[in-house]
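Observations on the three-dimensional arrangement
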Amino acid sequence: FWVVPAVEVKIEVVIPEKERSKEEMSPNGKASPLIYKVNGTARHYHLEEHPVASNPYHNPKDVVEASVCHVKDLENGQMREVDLGCGKALLIKESGEFHAVGHKCPHYGAPLVKGVLSKGRIRCPWHGACFNIGTGDIEDFPGLDSLPRFQVKIEKEKVYIRASKQALQTQRRTKMMAKCISLSNYNLSSTNVLIIGAGAAGLVCAETLRQEGFSDRIVMCTMDRHLPYDRPKLSKSMDSHPEQITLRPKEFFCTYDIEVLTEMQVAAVDVKSKIAVFKDGFKMEYNKLLIATGNTPKTLSCKGKEMENVFNIRTPEDANRVVKLATSKNVVIVGASFLGMEVAAYLAERAHSVSLVELEHVPFKKFFGERVGRAVMKMFENNRVKFYMQTEVSELREQEGKLKEVVLKSGKVLRADVCVVGVGAVPATGFLKQSGINIDSKGFIVVNKMMQTNIPGVFAAGDAVTFPLALRNNKKVNVPHWQMAHMHGRIAALNMLAHGMEISTVPYLWTAVFGKSIRYAGHGEGFDDVVIQGDLDELKFVAFYTKSDEVVAVASMNYDPIVSKVAEVLAAGRTIRKRDVDIVLFLSFRTGDMSWLTGKGS
């Protein structure tokens, strides 16, 4: 296996005095060393002292200052993108005060001026990430980095912004982190925090621990060959190479002493002895454990399922190989899941033919409802994707050892050079069956609001868990979304450090097909009605999903930023009734003001 080595790297960070006092606080809220027990021995650790410049802009050549507007140009609750000559910033006025931060979301570069401003934070219009307007810190996900924060001053009724040129160009800021100060005291088989899984949940957990001043050893292990990467791009941007979608470069892990063991599979966990046993027999002792193993794709059960050129897309290599083999060839995709539909969209212009086989009569029916599902299906058909609905695969046939045909139970035979299977997934928790960790009947790890399992010191996060969703009256749910995995990892890390933090985020997801995005917020499982505004044929609509007269989720296409606005309302604990939908739309697009909906209660 490969371990990212821990090396000493001296860094200089510049953060505001107010933020610095918060960041340098120990996880127990006191500026004193922490005590953790490792192998039964109490040892002290403290946050590394970083040199901090007294002048936040100590390099005059890297500083730009410009007058950007008159104080009366912005009303409270307004935002404006302003140009400082060598880059742009987002100027915000709220409660009579001006703030300036980066103008692009660090996740995928969305223009935040088109986002939603509400009670001290701004929500991205594309994927729902949230940032504090006073500090720039990321408060909800997806994405890892925060926004740069710029100085604002008022002179003679004019608003000036003073900013670092580098920050204006990068439009992102990595929060201050501690490093491990005691790595030499450990042997290879002992760590304080062990993270099983190197997806979004695992990585955010490790980063949050460092951001909170945790300076002990952190080890992440993964079955994958690669450092953590942007998994949604496997089906949305299939020809991306691993190095193009890596979430953090190798140097990042070295700098902050986060060790990554690749191609390492945990076979069992002994929670009494606090030992993880790997498939090759290697054992590692831990103090705190995070299980973030995600899920395993389901496979077909028919004859020929093991044939060459039949794929479950699990890695960048899988996605790259499918694109290569599918170019100018016949592709059959089994399953109108998010993965299946995104793969179909991506290959439609590259393959000779794309056929999609699905058991339901409309794609996305359970998630988006029949009317939206039909509109999406029509868009795919207009882009040369052929659907074979209400049927299954009965056999895969070969010729000279390679896939040649896909036989359906309806009797139809499809020509196929490549087959991609997207029929769902199961939680990757089989190795925990004898561990004593509570697993439900479907194989999901059961956790509470703090991402804790029934075993002290053992946490779980991501696609493999069920947790109480505040939005749905703490109903135990599984939410296999990229954004939610990020938040799970953060909550788990904070509670490893005894912060007592409970999860309350609103689920947010998106799918991208044929250059268009469907955005979705909430949890619509079990919805009994759909209220649609807009034009489905023109693919410009917003759909409100209701259950017993209450809006539980919203989806839209070409209707930004309505989903982010509704997400903010739901995040405030406010109930939207079916009768309120027209008012929500009026306030959102006619006045832009939804402040009446962001208080508590209904």
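Let me begin by describing the structure that accompanies this report. (Residues numbered from 1 in each chain as written. Predicted model: local features only at pLDDT ≥ 70, side-chain atom pairs only at ≥ 80, totals over all residues. Heavy atoms only, no water.)

**Section: the overall build of the protein**
Selection rule: Each helix corresponds to a stretch of at least 4 residues labelled H or I by DSSP, and each strand to a stretch of at least 2 residues labelled E; elements are numbered beginning at the N terminus. A 1.4 Å probe rolled over the protein chains alone gives each residue an accessible area, and that area as a share of the maximum for its type sets the label: buried under 20%, exposed over 50%, partly exposed in between. In this analysis, two residues are considered to be in contact whenever any of their non-hydrogen atoms come within 4.5 Å of each other. Computed by Shrake-Rupley with a 1.4 Å probe, the accessible areas treat only the displayed protein chains as cover when residues are assessed.
Helix and strand content of the protein: 13 helices and 39 strands. Among the 602 residues that make up the protein, the fraction classed as buried is 56%. Within the protein, contacts between residues separated by at least 24 positions form 62% of all contacts whose residues are at least 6 apart in sequence. Summed over its atoms, the accessible surface of the protein is roughly 26,000 Å², and 47% of this surface lies on carbon and sulfur atoms.

**Examining the nonpolar core**
For the record, the criterion: Joining through side-chain atoms within 4.5 Å is the link that ties buried Ala, Val, Leu, Ile, Met, Phe, Trp, Tyr and Cys residues into a set, and such a set is a nonpolar core.
Of all hydrophobic cores here, the largest spans 102 residues; its most connected members are Leu194, Leu209, Val269, Leu290, Ile291, Phe467 and Phe544. No other element matches helix α11 (residues 482-496), which puts eight residues into this core. Ranked by size, the runner-up nonpolar core spans 50 residues in total, among them Val331, Phe364, Met379 and Leu539.

**Brief notes about helix α10 (residues 370-381)**
Rules: The span you would expect from a helix comes to 1.5 Å times its residue count less one.
For α10, with 12 residues, the first-to-last C-alpha span of 16 Å sits near the 16 Å given by 1.5 Å per residue. Within α10 the residues assigned to the buried category are Val372, Gly373, Ala375, Val376, Met377, Met379 and Phe380.

**Remarks on the pattern of salt bridges**
Selection criterion: Salt bridges, as used here, are contacts in which a Lys or Arg side-chain nitrogen is within 4 Å of a carboxyl oxygen on Asp or Glu.
In total, this model carries 25 salt bridges according to the counting rule given. In this structure, the salt-bridge partner of Lys153 is Glu155, at a minimum N-O distance of 3.5 Å. Across the pair Arg397 and Glu405 runs a salt bridge whose closest N-O atoms are separated by 3.5 Å. Exposure remark for Arg397: the relative accessible area of 34% places this residue in the partly exposed category. On the basis of relative accessibility, which here comes to 27%, the residue Glu405 falls in the partly exposed class. Within this structure, Glu65, Lys153, Glu155 and Arg162 form a network of salt bridges that share partners.

**Details of the packing of aromatic side chains**
Note the threshold: The rule is short: rings of Phe, Tyr and Trp, with Trp giving its six-membered ring, pair when the centres are within 6.5 Å, and they are stacked under 30 degrees, edge-to-face over 60, tilted in between.
Evaluation of the coordinates by the stated rule reveals 15 aromatic pairs. With a centroid separation of 6.0 Å and 65 degrees between ring planes, the pair formed by Phe368 and Tyr520 is classed as edge-to-face. With Phe368 in helix α9 (residues 365-368) and Tyr520 in strand β36 (residues 516-522), this residue pair connects regions lying 152 residues apart in the sequence. Here Phe368 matches Tyr520 in class, with each residue buried.

**Describing empty space enclosed by the protein**
Basically, it comes down to this: Cavities and pockets were defined on a 1 Å grid built over protein atoms only: a cavity is a set of grid points that admits a 1.4 Å probe from which the probe cannot escape, a pocket is an open set flanked by protein on both sides within 12 Å along at least five of seven lines, and lining residues are those with an atom within 4 Å of any such point. Grid points are joined across faces, edges and corners, and a volume is the space filled by probe spheres set on the points. Residues are grouped as follows: nonpolar covers Ala, Val, Leu, Ile, Met, Phe, Trp, Tyr, Cys and Pro; charged covers Asp, Glu, Lys and Arg; every other residue, Gly included, is treated as polar.
One pass over the full model with this rule turns up one cavity of 30 Å³ or more. Of the pockets and cavities examined, the largest cavity occupies roughly 30 Å³. Its residues assigned to classes, the lining of the largest cavity shows one nonpolar, one polar and three charged.

**Notes on a positive patch on the surface**
Selection criterion: Patches here are clusters of residues that have more than 30% relative accessible area and form no salt bridge, with a 9 Å joining cutoff for like charges and a 5 Å cutoff for nonpolar side chains (Val, Leu, Ile, Met, Phe, Trp, Tyr). Positive residues here are Lys and Arg, negative ones are Asp and Glu, while His and the chain termini are left out of the count. To locate a charge, the coordinates of NZ of Lys, CZ of Arg, CG of Asp or CD of Glu are taken.
Together, Lys329, Lys402, Lys404 and Arg415 line one region of the surface with positive charge. You can see Arg415 is positioned in strand β28 (residues 413-415). Overall, the relative accessible area of 57% leaves Arg415 in the exposed class.

**Focus: unusual backbone geometry**
For the bond from Phe141 to Pro142, the omega torsion is 20 degrees, close enough to zero to count as cis. Among the secondary structure elements, Pro142 is positioned in the loop between β11 (138-140) and β12 (149-155). A positive phi angle, close to 50 degrees, is found at Phe514, a residue other than glycine. Within the secondary structure, Phe514 is located in the loop between β35 (508-513) and β36.

**Concerning the sheet that holds strand β25 (residues 385-389)**
As a reminder, the rule being used: Note on pairing: DSSP must find at least two bridges between two strands before they are called paired.
Reading across the sheet, the five strands line up as β22-β29-β23-β24-β25 and stay open at both edges, with parallel pairing between neighbours. Every interior strand has two partners, whereas the edge strands, β22 (310-311) and β25, have only one. Summarising the sheet, strand β23 (residues 330-334) and strand β29 (residues 418-421) pair through four bridges and their orientation is parallel. Directly across from Ile333, in β29, lies its bridge partner Val420.

**As for the environment of Met220**
Tracing the chain through its elements places Met220 in strand β15 (residues 218-221). Note on Met220: relative accessible area 0%, which makes it buried. Separated by 18 residues in the primary sequence, Met220 and Gly202 have C-alpha atoms spaced 7.3 Å apart.

**Some details on the sheet that holds β28**
The following threshold applies: Interaxial angles span 0 to 180 degrees and are taken between N-to-C directions of axes, which are lines fitted to C-alpha atoms, for helices over the stretch in contact.
Strand order in this open sheet of three strands is β26-β27-β28, and the pairing throughout is antiparallel. The open sheet has two edge strands with one neighbour each: β26 (393-399) and β28. Strand-to-strand twist of the sheet, defined as the mean angle between neighbouring strand axes without regard to direction, takes the value 30 degrees. Where β26 and strand β27 (residues 402-408) come together, six bridges link them in antiparallel fashion. Bridged to Glu398 within β27 is Leu403.

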